[in-house]
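# Architecture and fold: a report
As a plain string of letters, each chain reads:
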Amino acid sequence: MDPLAKVSILSPLAMLQMHHHKPKKSWIRSVMSDVKRSLLDMSPGGKTDDADEETDDHIESNETFAEFCTRQAQNVVHFLVEDWFLSALLGIITAVLSVGMDVAIEVLQHAHVTFYDKMLAISTYLAFSQWVAHIVILTMFSAIFCQIVSKQAVGSGIPEVKVIMHGFKMENYLTTRTLVAKMVGLTLAMGGGLPIGKEGPFVHMGAIVATLLSKITSACQYSAFFSNEGREMEMLSSGCAVGIACTFSAPIGAVLYAIESTSKYFAVKNYWRGFLAATCSAIVFRCANFFVTAEQSGTITAFYQTRFPTDCFLVEELPIFLLLGFISGLMGSLFIFIHRQISIFRSKNRVYKLIFRNNFLAFTVFMAFVVGVLTFPNGLGRYFAGRLTFRETMADFFNNCTWATNDSRRCPDSILTHWTGGTEGDVSIFTSLVLYYILYFVLVAICISINVPAGVFVPSFIIGAAGGRLMGETMVVLFPEGMRGPGGPPIHPGLYAVVGAAAYTGAVTHTLSVSVIICELTGQLSPILPVLIAMLMGNAVCKFLQPSIYESIIRVKKYPYLPDLPPSRVSVHTVKVEQLMVTDVIYITKDMTYREMKDILQLAPHLRSFPIVTDHENKILLGSVAKRYLTMLLRRHVLVNQQDSRNIGRITPAEIFNTIRRTSMRLSRRSPSRRSNSSQTRENSIPETARSDAQSTNDQVEFVSERTISGNTLLSISPLHCPNNIPLQAVFTRPSSADLSKAETNADILLNRNIDLDEIAIDAAPFQLVLGSSLYKVHTLFSLLGLSHAYVTDCGKLVGVVGLKELRDAMANIYVRGAVAPVKPDRKLTSGTYLDMSQMHRDKLQSNPPMTPPANGHSISMESPKFGNSLTVPPMAL
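Computed from a predicted model, the values in this text were never measured in an experiment. (Residues numbered from 1 in each chain as written. Predicted model: local features only at pLDDT ≥ 70, side-chain atom pairs only at ≥ 80, totals over all residues. Heavy atoms only, no water.)

## Here we look at the overall build of the chain
When helices and strands are tallied, the chain shows 35 helices and six strands. The buried share of the chain, taken over its 878 residues, is 48%. Counting only contacts in the chain whose residues sit at least 6 apart along the sequence, the fraction spanning at least 24 positions is 77%. Carbon and sulfur atoms make up 61% of the accessible area of the chain, which totals about 41,800 Å². (Helix = DSSP H or I, 4+ residues; strand = E, 2+ residues; numbered from the N terminus. Buried < 20%, exposed > 50% of the residue type's maximum accessible area, 1.4 Å probe, protein only. Contact = heavy atoms within 4.5 Å. Areas by Shrake-Rupley, 256 points an atom, 1.4 Å probe, with all protein chains shown as cover.)

## With respect to the confidence of the model for the chain
Across the chain, pLDDT averages 74, with 71% of residues at or above 70. Taken as a whole, residues 644-650 scores under 50 in pLDDT and shows 22 contacts with residues more than four places along the chain or in a different chain. Counting interchain partners and residues more than four positions distant, the pLDDT-below-50 stretch residues 825-878 has 88 contacts. (pLDDT = per-residue confidence, 0-100.)

## Let's talk about helix H22 (residues 528-545)
Residues spaced three or four apart along an α-helix point in a common direction, a consequence of the helix completing one turn every 3.6 residues. The end-to-end C-alpha separation of H22 is 26 Å, in line with the 26 Å expected for 18 residues at 1.5 Å each. Within the sequence span of H22, burial applies to Pro 530, Val 531, Ala 534, Met 535, Gly 538, Asn 539, Val 541 and Cys 542. (Expected span 1.5 Å × (residues − 1).)

## What about the pairing of strand E6 (residues 797-803)?
Among the seven residues in E6, five count as buried, and that is most of the element. When strand E5 (residues 789-794) meets E6, the two strands line up antiparallel, connected through six bridges. By the bridge assignment, Val 792 is partnered in E6 with Gly 800. From the end of E5 to the start of E6, which pair antiparallel, there are two residues, and Cys 795 there has a positive phi angle of about 55°. (Pairing = 2+ DSSP bridges.)

## Focus: the pairing of E5
The buried count for E5 comes to five of six residues, which makes it a mostly enclosed element. Both strand E4 (residues 768-770) and E5 contribute to a ladder of three bridges, which runs parallel. Across the sheet, the residue bridging to Val 770 is Thr 793, located in E5. Handedness of the crossover joining E4 and E5 through helix H32 (residues 775-785) is recorded here as right-handed. (Right-handed = clockwise from strand over helix to strand, strands pointing away.)

## Side note on the packing of aromatic side chains
Tallied over the entire structure, the rule returns 26 aromatic pairs. Between Phe 321 and Tyr 496 the ring centres are 4.8 Å apart and the planes differ by 35°, which places this aromatic pair in the tilted class. Pair noted here: Phe 321 is in helix H13 (residues 318-348) and Tyr 496 is in helix H20 (residues 493-509), with a separation of 175 residues, a long-range link. Assessed through its relative accessible area of 0%, Tyr 496 is described here as buried. Taken together, Phe 384, Phe 390, Phe 397, Trp 403, Trp 419, Tyr 436 and Tyr 440 form an aromatic cluster joined through their ring pairs. Taking NZ or CZ as reference, Arg 382 lies 5.2 Å from the ring centre of Tyr 383, over its face. The cationic tip of Arg 469 hangs over the ring face of Trp 403; the distance from NZ or CZ to the ring centre is 4.5 Å. (Phe/Tyr/Trp six-rings, centres within 6.5 Å; stacked < 30°, edge-to-face > 60°. Lys NZ or Arg CZ within 6 Å of the ring centre and 35° of its normal.)

## With respect to the environment of Ile 553
For Ile 553, the location among the structural elements is in helix H23 (residues 549-557). Owing to a relative accessible area of 13%, Ile 553 belongs among the buried residues under this scheme. For Ile 553 and His 339, which are 214 residues apart along the polypeptide, the C-alpha to C-alpha distance reads 8.8 Å. Residues contacting Ile 553, with those up to four places away along its chain left out, are Pro 159 and His 339.

## A few points about the environment of Glu 316
Looking at the secondary structure, you find Glu 316 in the loop between helix H12 (271-293) and H13. Relative accessible area serves as the criterion here: at 36%, Glu 316 is assigned to the partly exposed category. Counting along the chain gives 167 residues from Glu 316 to Met 483, while the straight-line C-alpha distance between them is 7.4 Å. Of note is the side chain of Glu 316, whose polar atom sits 3.3 Å from the side chain of Arg 484. (Polar contact = N/O pair within 3.5 Å; in protein donor to acceptor, adjacent residues only side chain to side chain.)

## Details of the sheet that holds strand E2 (residues 609-613)
Sheets are built from strands that pair by backbone hydrogen bonding, the pairs being arranged parallel or antiparallel. Reading across the sheet, the three strands line up as E1-E2-E3 and stay open at both edges, with mixed pairing between neighbours. Across the chains shown, the open sheet's two edge strands, defined by having one partner strand only, are strand E1 (588-589) and strand E3 (621-626). The pairing of E1 with E2 spans two bridges and is classified as parallel. When the sheet's bridge partners are listed, Ile 588 is paired in E2 with Ile 612.

## Quick word on the sheet that holds E6
Ordered by their spatial adjacency, three strands build an open sheet running E4-E5-E6, and the pairing between neighbours is mixed. Looking at strand neighbours, the two that pair on one side only are E4 and E6, the edges of this open sheet. Averaged over all neighbouring strand pairs, the angle between strand axes comes to 35°, with direction disregarded. (Axes fitted to C-alpha atoms, helices over the stretch in contact; angles between N-to-C directions.)

## What to know about the nonpolar core
Counting 156 residues, the largest nonpolar core has Phe 335, Phe 397, Phe 398 and Phe 782 as the members making the most contacts within it. What Phe 335 contacts, discounting residues up to four positions off in sequence, is Phe 441, Val 444, Ala 445, Ile 448, Val 456, Tyr 504, Val 508 and Ile 549. (Core = buried A, V, L, I, M, F, W, Y, C linked by side-chain atoms within 4.5 Å.)

## So, H23
Along H23, the positions that sit buried rather than exposed are Ile 549, Tyr 550, Glu 551, Ser 552, Ile 553 and Ile 554. In this fold, the buried residues of H23 make contact with helix H7 (158-165), helix H9 (199-217), helix H11 (251-262), H13 and H20. Just past H23, the residue Lys 558 takes up positive phi, approximately 60°.

## A few points about the side chain of Glu 473
Among the secondary structure elements, Glu 473 is positioned in helix H19 (residues 457-478). On the basis of relative accessibility, which here comes to 0%, the residue Glu 473 falls in the buried class. Once residues within four sequence positions are removed from consideration, Glu 473 is found in contact with Cys 401, Thr 402, Trp 403, Ala 404, Ile 429, Phe 430, Leu 433 and Pro 493.

## Comments concerning a nonpolar patch on the surface
Together, Leu 323, Phe 326, Ile 327, Leu 330, Phe 544 and Leu 545 make up a nonpolar patch on the protein surface, roughly 490 Å² of accessible area in all. Taken together, the elements giving at least two residues each to the nonpolar patch come down to H13 and H22. Residue contributions to the nonpolar patch peak at four residues, all from H13. One can find Phe 544 in helix H22. (Patch = residues over 30% accessible without salt bridge, like charges linked within 9 Å, V, L, I, M, F, W, Y side chains within 5 Å. Salt bridge = Lys/Arg side-chain N within 4 Å of Asp/Glu carboxyl O.)

Below is the structure:
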């Protein structure tokens, strides 16, 4: 047995007996060494005896037992703070914000009904004015507040978070201003009575809180964990789960829904962080809900507790649930289609623009007025319970009693009065349910697109529950004694409402985790089988016909996002990459001159990277290079040498002060202590000769005019420090004609040299696709690896490039026509043809060169060629 292993299992008494003959200090030191060796032996992975001895010697010589314990304690603290504490804090903060908003929304909705009752006692017209004015005024304030504070707070927020989590930057969507606007705008809009939900905005709020926590902790310099970009995505995923947990207090379904709605591929190692944050959020939300409303019997009671018996359905009812799922899938796809057509109509229709004139407030106030008129309790709202909120409506739908029969299972009059036209009871429940379903089907599709924060999950839940309740009441009328006759189990319409809500919501959002949310929401597992059957059917139907509501919004807003492929499309396997790729690729060759590279940088300013090939004939792909490295190479070998020759060292005052501002901002980000320590270390370690050489090298000005080369200029020092200690007055002095002619001659010599690619960083293995790759394979690789573009090669020869834009164009009408290769525009100029054509006219260009903006501030515009839409991918995608 290993001696060290024996030491690790010895009892304290045996250790005392082994060391009784040693001096006291030596004995204590030996015991500490044994403890450290026993801790090290518990680490995974075995080591040899020699390695253990070397490790022990190193520890004993360089680290005391107190230092060892301190280091282990720091590791534990860092682990608790970086993982557990941040995740728990994310859940707690979001839950507190959610509880505050829920209380404010309940107060506003209660005030709406209370003032209506008081005005109704005076006059019906006064009550109508109060009912409509409450909705219109609060909706107007919500839209104005969002417009003033942050326009990014409008809408659901899940599509934007979905785009951000796939690697695209969206400005001002995850800021404090957006959080404040989202909270206030959603509170006013829902408190006013608009038929919208809070699930989407809560997901956005959770993502914002996660981002703010990441920014706060990024200031910690003791660990690179906080500054990791992957960590930010983990926090965003946890924030999305927290938002849904706050909506329904369903932590398990919240994590699953966040993964389905915002991620294509999920890292399982982040699973527990989302569960921890969602659990903390659900605990705070449920406890606060208990203490604030005092309606729940404890923190273990479900949000909408149902009391279905264990055998609440029969096998004979399973085809009915399947039919309910099929209808829900059809209606869900129709809802997505109507919502998209409404958004397109608002953006393109001339009559609409003539009436509302693109005013952000006009259509919003108009829709609020329409909602107020339709839901007026003494008007049309009398026929479909327009007085009730979504929370009250859902409780009525899930109730385990019937509305259509007069037996012992009949619902109490307090519920029936909502759906039978009041105390008179002259309205059929089927009329009320059909009218409720149709009106809210259209109103929700419109209201989630107006300029207020709005979610779609809860309204879809209510619409689906209404459809399920309608089918359940129909089944009660058809089978009053149950499907097995007298003595058999009865039909429960509330169960159909639960199944309909899950099937319709899952179809609209293309998620299956709604089944888990339903179980947590109702507190029962008995309806899980019919829920899964109906949801799978609804998902299959809606996925085949339409994208999810979130991807539909992404398409309408034209966000840079690669949508999912619909199932069972043969065209995604028949369309090949050669039908999608751009064949005229702008590339860099090994024997290219600085002049040609400069022309390419000027003619393609929006490209962020370029492929490198051997020559124009073979085009063997060698790698790719970022634009900033080419700019640095051009600056180092051409522009710096021009400035060193003191012929064109003239710059404008605006360029000077802009460079000073950028330099000061860059220096301000650096830690003063770190900068001073590093400078002292360098001064002490560098010899005098090397220091003088470095000083002379640093005196070289590296300046690139922003008007000549677009992109990163990588400025290092201020241009006020000109070479050879030239005074400031010389900077603003205009050069003579002799100096300019000499500068042009030197510039031609420098630009005609071949470039040296050995001095820059080159990606020697850019992602490549081969000819014959199907659209399905290309889409899978782009989604899995997060690619923005890929080069297409044939036996190593570069034949094209395909990017996100080409894939999106091919999938633009995939639900109608299937995947279709986009029409390639006839592009007149490419890198190869441009260089060949310019070679034919090189003498003419040199004799009469095009005027580029000189460094003295006087510029003459030069027309650049139009490349069209076929240049690889959009700027945001690269």
